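# Notes for the structure review
Each chain, written out:
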Amino acid sequence: MSASYDFDTVVDRRGTWCVQWDGVADRFGVDGLLPFTISDMDFETAPEVLAALRARLDHGVFGYTDWQQDDFRSAVAHWYETRYGTRLDTGRLVYGPSVLSQLSQLLQMWTRAGDGVVVHTPTYDGFRKGVTGLGRELRGVPVGDVQALERELARADAKVLVLCSPHNPTGRVWTEAELTEMAALAGRYGVAVVSDEIHADFVHDGYGHVPWTRVGGDGRWAVITSASKAFNFPALTGSYGVIGRTADRAEFLRRMQTAEGLASPAVLSLTAHIAAYREGAGWLDSVRAYVAGNLALVAERLNGAYPELGWEPPQAGYLAWIDLRPLGVDDEALQRVLIEREKVAIMPGAVYGAPGFLRLNVGCPRSKVEAGVEALIRAVGVGR
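In this report, we go over the structure that sits alongside the text. (Residues numbered from 1 in each chain as written. Predicted model: local features only at pLDDT ≥ 70, side-chain atom pairs only at ≥ 80, totals over all residues. Heavy atoms only, no water.)

## Some details on the overall build of the protein
- Summing up its helical and strand segments, the protein has 14 helices and 11 strands in all.
- Once the C-alpha set of the protein is aligned to its principal axes, its extents read approximately 60 × 55 × 40 Å.
- Residues classed as buried in the protein amount to 53% of the 384 residues present.
- For the protein, the proportion of contacts with a sequence separation of at least 24, taken over those separated by at least 6, is 76%.
- On the protein, roughly 16400 Å² of surface is accessible, and the fraction owed to carbon and sulfur atoms is 50%. (Helix = DSSP H or I, 4+ residues; strand = E, 2+ residues; numbered from the N terminus. Buried < 20%, exposed > 50% of the residue type's maximum accessible area, 1.4 Å probe, protein only. Contact = heavy atoms within 4.5 Å. Areas by Shrake-Rupley, 256 points an atom, 1.4 Å probe, with all protein chains shown as cover.)

## Side note on the environment of Ala 154
- Tracing the backbone through its elements, the reader meets Ala 154 in the loop between α7 (146-153) and β5 (158-164).
- By relative accessible area, which is 40% here, Ala 154 ends up partly exposed.
- For the pair formed by Ala 154 and Met 41, sequence separation is 113 residues and the distance between their alpha carbons is 39 Å.

## Notes on the packing of aromatic side chains
- Taken as a whole and assessed by the stated rule, the structure comprises 17 aromatic pairs.
- Judged by centre distance (5.2 Å) and plane angle (65°), the rings of Phe 7 and Phe 43 are edge-to-face. Taken together, the positions of Phe 7 in the segment before α1 (19-22) and Phe 43 in the loop between β1 (34-36) and α3 (47-59) put the pair 36 residues apart, joining distant regions of the chain. Phe 43 matches Phe 7 in its accessibility class, with the two residues each being buried.
- Arranged with centres 6.0 Å apart and planes meeting at 20°, the rings of Trp 67 and Tyr 95 form a pair that is stacked. One end of the pair, Trp 67, is in the loop between α3 and α4 (70-84); the other, Tyr 95, is in strand β2 (residues 93-96), and 28 residues separate them in sequence.
- By relative accessible area, Trp 67 is classed as buried at 4%. (Phe/Tyr/Trp six-rings, centres within 6.5 Å; stacked < 30°, edge-to-face > 60°.)

## With respect to the layout of surface pockets
- By volume, the second largest pocket amounts to about 340 Å³.
- What lines the second largest pocket is a set of 18 residues, among which Thr 170, Trp 311, Glu 312, Pro 313 and Trp 321 lie closest to the centre.
- No other element matches the three residues that strand β9 (residues 319-323) contributes to the lining of the second largest pocket.
- Of the residues contributing to the lining of the second largest pocket, the split by class is 11 nonpolar, four polar and three charged. (1 Å grid on protein atoms, 1.4 Å probe; cavity = no way out; pocket = protein on both sides within 12 Å on 5 of 7 lines; lining within 4 Å. Points joined across faces, edges and corners; volume = space filled by probe spheres on them. Nonpolar A, V, L, I, M, F, W, Y, C, P; charged D, E, K, R; others polar.)

## A few points about the pattern of salt bridges
- For the coordinates displayed, the defined rule picks out 24 salt bridges.
- A salt bridge links Glu 81 to Arg 87, with the shortest nitrogen-to-oxygen separation between them at 3.2 Å.
- Judged by relative accessible area, Glu 81 falls into the partly exposed class, the value being 42%.
- In this structure, Glu 150 and Arg 188 form a salt bridge, with 3.1 Å as the shortest nitrogen-oxygen distance. Of this pair, Glu 150 sits in helix α7 while Arg 188 is found in helix α8 (residues 176-189), placing the two residues 38 residues apart along the sequence.
- The exposure class assigned to Glu 150 is partly exposed, which follows from its relative accessible area of 26%.
- A network of salt bridges, in which partner residues are shared, links Arg 13, Asp 40, Asp 42 and Lys 368. (Salt bridge = Lys/Arg side-chain N within 4 Å of Asp/Glu carboxyl O.)

## Description of the side chain of Thr 86
- Looking at the element boundaries, Thr 86 is found in the loop between α4 and β2.
- The exposure class of Thr 86 is buried, given its relative accessible area of 7%.
- Reaching out from Thr 86, the side chain makes a polar contact with the side chain of Arg 214 at a distance of 2.8 Å.
- Apart from the residues lying within four places of it in its own chain, the contact partners of Thr 86 are Tyr 80, Glu 81, Pro 211, Thr 213 and Arg 214. (Polar contact = N/O pair within 3.5 Å; in protein donor to acceptor, adjacent residues only side chain to side chain.)

## What to know about the sheet that holds β5
- Strand order in the open sheet made by the seven strands is β2-β8-β7-β6-β5-β3-β4, with mixed pairing throughout. In the strand order of this sheet, the two ends are held by β2 and β4 (137-142), each with one partner. With strand direction ignored, the average angle separating the axes of adjacent strands in the sheet is 25°.
- In this sheet, strand β8 (residues 239-243) lies alongside strand β7 (residues 221-225) in antiparallel orientation, the contact comprising four bridges. Each bridged residue has a counterpart across the sheet, and for Ile 224 the counterpart in β8 is Gly 241.
- Across the sheet, helix α5 (residues 99-110) lies against β2, β3 (116-121), β5, β6 (192-196), β7 and β8, angled at about 165° from β7, the strand it touches most. (Pairing = 2+ DSSP bridges. Axes fitted to C-alpha atoms, helices over the stretch in contact; angles between N-to-C directions.)

Right under this line is the structure:
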């Protein structure tokens, strides 16, 4: 008998210091908006994770902690084998406080100021900030454009391809053939690959995530990921990675333990990861199915109001990436209506380098999704 989980009950997140609800004015200039913004969910994490966290808290001692132990490593290996049919060499694992901190370290290892870092467009804004903040040159290629990708990788100063797999914000799931081709191109031009796979656990039915560990071979590569996205515990911090080459892995660990002073991870993050990967599969499958229903609702309502959009749900994730260009809506005018009249906050596509789009977070109870999509439909109607 499978467990039943409640995703309809609204959890009040106001006053909990959360970015999505309490920090909405920082980005949109107005407090009190109904937010569909930053990429976390309004659901409680899996009860199995909560039980493990409570048990660890009851122990009462929170001293320095070691991530290089079998409980954590074997849980990750179990997840890769049962979820992706992939055997993982746990000796290749590394640990970091977040995927972006890992990305920063890898870029500092593999590039110098002024070097080219290739990304797919539209681009997650955290990549843009991380790359340009280190003085590297961000070079975008459209999702799916293999010729443009090869052209950028072939440039002499192109050093790293930062891959988002599955892709944020579009929700694109790369096929094994596409990833194999990227690996071949990277190898041909001597470009390292950093594959951010934090959205991998939220791939929808009909699609399958292929870990870069399966296609990377003996090239220079790293996977950076975390259970925090799918199981909704980013505030616990904590991520892990897999680095292909022994020398690169040793250098990464040296940097983390010395320059960054991060030898001891957050113990509650380790606890949450182990519980999620050992016991949380049922909850994850249930929340994915619920979110798929949310995305279907968006498609039904949006296409019912504006059939010319022909909007289809993403292949992965809980972020509805909506192309409004067929409607000829002015981005700034639409944002004004959404904020001032409808009192909702929805991320404009320009944040990801794609004017004319919106990114609507539907990782929330259905009642909130209904309120958001109806507000969007009304706002678009005003702006036409």
